[in-house]
Amino acid sequence: MSREEDNKAIVGRWFTKFWGETCDLGIVDELAAPDMLLQYSLHAPRRGREDIKAFMTGFRRAFPDLNFWGAGDLIAEGDYVVGRWEGGGTHTGPAFDDFLAGSLPANSGRKMRFTGTTVLKLKDGKIIEEVGLDDGVTALQQLGLIKLAA
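An account of the accompanying structure is given in this report. Computed from a predicted model, the values in this text were never measured in an experiment.

A closer look at the overall build of the protein
- When helices and strands are counted, the protein shows four helices and nine strands.
- Against the compact-globule benchmark of 15 Å for 150 residues, the protein has a radius of gyration of 15 Å, which places it among compact chains.
- With the principal axes as the frame, the protein shows a C-alpha extent of 50 × 30 × 20 Å.
- Considering only residue pairs separated by 6 or more positions, the protein has 60% of its internal contacts joining residues 24 or more positions apart.
- Total accessible area on the protein is roughly 7600 Å²; 53% of this is exposed by carbon and sulfur atoms.
- In the protein, 18 positive and 22 negative side-chain charges are present, and the distance between their average locations comes to 4 Å.

Quick look at the packing of aromatic side chains
- On inspection of all chains with the given rule, the structure shows 16 aromatic pairs.
- Judged by centre distance (5.4 Å) and plane angle (40 degrees), the rings of F55 and F59 are tilted. Within this pair, F55 and its partner F59 are both found in helix 3 (residues 49-62), separated by four residues, close to a single helical turn. Neither residue differs from the other here; F55 and F59 are each classed as buried.
- Ring centres 5.5 Å apart and planes at 85 degrees place the aromatic pair W85 and F114 in the edge-to-face group. Here F114 lies in strand 8 (residues 111-123) and W85 lies in strand 5 (residues 80-90), a separation of 29 residues in the sequence. Pair check on accessibility: W85 and F114 agree, each one buried.
- Aromatic rings pair up to connect W14, F18, W19, Y40, F55, F59, F63, F68, W85, F96, F99 and F114 into one cluster.

Things to note about the nonpolar core
- Residues W14, W19, F59, F63, F99 and M112 are the most contacted members of the largest nonpolar core, which totals 37 residues.
- If you list the elements that add at least two residues to this core, you get helix 1 (3-17), helix 2 (26-31), strand 1 (32-39), helix 3, strand 5, strand 6 (96-99), strand 8 and helix 4 (136-142).
- Sort the elements by how many residues they give to this core and helix 3 lands first, with five residues.
- Dropping the residues within four chain positions of it, W19 is found in contact with W14, L38, Y40, F55, M56, F59, R60, N67, F68 and E130.

Looking at unusual backbone geometry
- Positive phi values are uncommon outside glycine, yet N107 reaches one of about 50 degrees.
- On the secondary structure map, N107 appears in the loop between strand 7 (102-104) and strand 8.
- For D124, which is not a glycine, the phi torsion comes out positive at approximately 55 degrees.
- Turning to its location among the elements, D124 is positioned in the loop between strand 8 and strand 9 (126-134).

As for the environment of A101
- Within the secondary structure, A101 is located in the loop between strand 6 and strand 7.
- Spatially, the C-alpha atom of A101 lies 25 Å from that of G83, the residues being 18 residues apart in sequence.
- In contact with A101, other than residues within four places in its own chain, are L140, L145 and I146.

Scoring rules and cut-offs
Residues numbered from 1 in each chain as written. Predicted model: local features only at pLDDT ≥ 70, side-chain atom pairs only at ≥ 80, totals over all residues. Heavy atoms only, no water. Helix = DSSP H or I, 4+ residues; strand = E, 2+ residues; numbered from the N terminus. Rg over C-alpha atoms; globule rule 2.2 N^0.38 Å. Contact = heavy atoms within 4.5 Å. Areas by Shrake-Rupley, 256 points an atom, 1.4 Å probe, with all protein chains shown as cover. Lys, Arg positive; Asp, Glu negative; His and termini not counted. Charge placed at Lys NZ, Arg CZ, Asp CG, Glu CD. Phe/Tyr/Trp six-rings, centres within 6.5 Å; stacked < 30°, edge-to-face > 60°. Buried < 20%, exposed > 50% of the residue type's maximum accessible area, 1.4 Å probe, protein only. Core = buried A, V, L, I, M, F, W, Y, C linked by side-chain atoms within 4.5 Å.

Structure below.
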């Protein structure tokens, strides 16, 4: 397989095992570089395996049905893989204060469903960064954290 095909296979496993319906945090140690950067508009950037695991543990505790899935084929060029996705979940867990735009009280019952595009950079078979552009405005509106201007 080419380097691009290898990288797409790694990212495909990451999307399924980390962002999918169930999360296997062991995948972080397997596929993420020790100082990996994880950055999306809804949350503060995370760096390193332990920080990324802590982020996902809290996110899934607050949104137990959290699930993201691919919305198109992965595209690879050199060390980069790009993927489009959609997903979301329902806030039925504890209070959640990880959103940059505000906090949710415990068990708000609010649902979010949104889309995004993510660019991942790999080096030597490890993900060194995942930077996503998501439709965070939609998610924050659905969660009641921001309102549309009248």
